[in-house]
Amino acid sequence: MNKTRVAILGAGKIGRYHAREFSSLGAEVVAILGSSRESSAKTAEKLEKDFGVKTKPYHVLEELLGNEKLDAVSICTPPEMHASQISLCLEKGLNVMCEKPFVQTNNDDYKTAKELLDFAEKKRRILTVNTQWASIVDYFKGYTDLDSLKKFSMEAEPEGKGIGLLNDFLPHANSVLIKMVPDGKVEGIEFLSKNENSVIVKFKYENSKKSVEVKYGFRTRVSRPGQIVFSLNEKTFRREIGSEYRQFFAANKERFEIEDPLRVSIRKFLQACNDYGVPLISKKEILENIALTKQIIKEYIS
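Residues numbered from 1 in each chain as written. Predicted model: local features only at pLDDT ≥ 70, side-chain atom pairs only at ≥ 80, totals over all residues. Heavy atoms only, no water.

(A) Representation of the pairing of strand 6 (residues 127–130). Note that strand 5 (residues 95–99) and strand 6 share four bridges and pair parallel. Bridging across to strand 6, Val96 finds its partner in Leu127. A crossover links strand 5 with its parallel partner strand 6, the connecting element being helix 5 (residues 109–123), and its sense is right-handed. (Pairing = 2+ DSSP bridges. Helix = DSSP H or I, 4+ residues; strand = E, 2+ residues; numbered from the N terminus. Right-handed = clockwise from strand over helix to strand, strands pointing away.)

Encoded structure:
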């Protein structure tokens, strides 16, 4: 079987890890897109040095898409560029994975996202978002009863300050919640902390089967790796980092290893591109996440 041929748009930050994981999972990273000729060339050199990923640098998207034969792209550029880049790549018949936030425009993000997702369906292409922490839900199922879920919280240390904390990590936290409580409705949003370095928000989220008290606590990261903590009912799971960045979660005397969530997300995307699986995040989940994120941020601003 031929390798899936992938381009990474924006490979200098999180995109470099996309390039590493796509390559390690058997895809061919044939090209990257940078903001300038110089930065793209430097990034390509660093990818080869750090991960053995040999790729061709571009700084004009249309040139990249015109020159390279691709199956998929991974979009890791600034959020305000996502919508136009997704549209152009779908027009070229490519499968698309996009970093969060999925879209960030001056208009209605939900409407824009739905139009793009509908367009992907029309083109029979995969379009998904990389909110990889939703993969943790499959592990939770082995350690707690999600059917009796009453309380859920997540603590994290994203980059950014103030509303930037929400923009950076709300999509991740919401993706986990939506996996456990699909078709939910939010009410009673309340901010317990709201400053440059800490945001704590609580609300109720319920569907026809359960009502869950939710609390998110985000504080500005001071060093890597940032802390990740989940609590389900009275059980708390804390992330631990082992050698070679192996990831574990500990809850009381229980400790289990997880596959790197980014790797899970990319693996499932590649499987979907090759018609033997579905993406980690569905169209329905993307739209539910955007709606919930919008409500929380609107309350923060008001």
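(B) Looking closely at the side chain of Ser135. Mapped onto the secondary structure, Ser135 falls in the loop between strand 6 and helix 6 (136–140). With relative accessibility at 6%, the residue Ser135 sits in the buried group. Engagement of the side chain of Ser135 in a polar contact is seen with the backbone oxygen of Gln132, the distance being 2.9 Å. Setting aside residues no more than four positions away along its own chain, Ser135 makes contact with Pro261, Val264 and Leu280. (Buried < 20%, exposed > 50% of the residue type's maximum accessible area, 1.4 Å probe, protein only. Polar contact = N/O pair within 3.5 Å; in protein donor to acceptor, adjacent residues only side chain to side chain. Contact = heavy atoms within 4.5 Å.)

(C) Focus on the packing of helix 5 against helix 9 (residues 283–301). Where helix 5 contacts helix 9, the two axes come as close as 10 Å, and the packing angle between them is 170°. Relative to helix 9, the element helix 5 lies roughly antiparallel. Contact residues: Asp109, Tyr110, Ala113, Lys114, Leu117, Asp118 and Glu121 in helix 5; Lys283, Ile286, Leu287, Ile290 and Ala291 in helix 9. Residues belonging to the contact of helix 5 with helix 9 are distributed by class as follows: seven nonpolar, no polar and five charged. (Axes fitted to C-alpha atoms, helices over the stretch in contact; angles between N-to-C directions. Parallel < 35°, antiparallel > 145°, perpendicular 65-115°, else oblique. Nonpolar A, V, L, I, M, F, W, Y, C, P; charged D, E, K, R; others polar.)

(D) Main features of the sheet that holds strand 10 (residues 211–219). Here we have eight strands laid out as an open sheet, ordered 8-9-10-7-11-12-13-14, and mixed in their pairing. One side of each edge strand has no neighbouring strand; the edge strands of this open sheet are strand 8 (185–194) and strand 14 (254–258). Between one strand axis and the next, the sheet turns by 15° as a mean value, whatever way the strands run. The pairing of strand 7 (residues 151–156) with strand 11 (residues 228–232) spans five bridges and is antiparallel. Counted as the bridge partner of Phe152 is Leu232 from strand 11. Of the strands in this sheet, strand 8, strand 9 (198–206) and strand 10 are in contact with helix 9, which crosses strand 8 at around 45°.

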